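Each chain, letter by letter, is given below.
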Amino acid sequence: MTALSGRAAGDDVYVAALRINGVCHYLRMSSDAGLVPLWTAPAAEQKTCGARQAVTASALYGSDPAKEG
């Protein structure tokens, strides 16, 4: 891992953008859903790889469907 950027994304949710082997990934963590696996950031966000983009993406991709009923 070469870079890490993170921030709170609402009640009890934290998101992070991580650059691993040159590729940007996003991670979403919360106390109720636990750790959701990494997912690759979209191509348009690979260069910036920031927490702001991770927050936006977490609302779309950062949940575990198995735990949402």
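Quick summary incoming for the structure in this document. Everything numeric in this text was worked out from a predicted model, so none of it was measured.

Remarks on the state of the cysteines
Going through the model one piece at a time under the given rule, you end up with one disulfide. Each disulfide pairs two cysteine sulfurs, and for cysteine 24 the partner residue is cysteine 49, the sulfurs being separated by 2.2 Å. In this structure, the disulfide formed by cysteine 24 and cysteine 49 twists by about 85° around the S-S bond and is classed as right-handed. One end of the pair, cysteine 24, is in strand β3 (residues 23–30); the other, cysteine 49, is in the loop between β4 (34–40) and α1 (51–61), with 25 residues separating them in the sequence.

A short note on unusual backbone geometry
With the exception of glycine, most residues fall at negative phi, and the peptide bonds are largely trans. Located in the positive-phi region is asparagine 21, a residue other than glycine, with phi close to 50°. Looking at where asparagine 21 falls in the secondary structure, it is placed in the loop between β2 (13–20) and β3. For asparagine 21, a relative accessible area of 75% puts it in the exposed group. At cysteine 49, a position not held by glycine, the phi torsion is positive, near 45°.

Looking at the pairing of β2
Judged by how many residues are buried, β2 sits mostly within the fold: six of eight residues are covered. Sheet topology note: the β2/β3 ladder contains eight bridges and is antiparallel. Counterpart to alanine 16 in the pairing with β3 is leucine 27. Connecting β2 to the antiparallel partner β3 that follows it, the hairpin turn spans two residues, and asparagine 21 within it adopts a positive phi of roughly 50°.

Rules and cut-offs
- Residues numbered from 1 in each chain as written.
- Predicted model: local features only at pLDDT ≥ 70, side-chain atom pairs only at ≥ 80, totals over all residues.
- Heavy atoms only, no water.
- Disulfide = S-S within 2.5 Å.
- Helix = DSSP H or I, 4+ residues; strand = E, 2+ residues; numbered from the N terminus.
- Buried < 20%, exposed > 50% of the residue type's maximum accessible area, 1.4 Å probe, protein only.
- Pairing = 2+ DSSP bridges.

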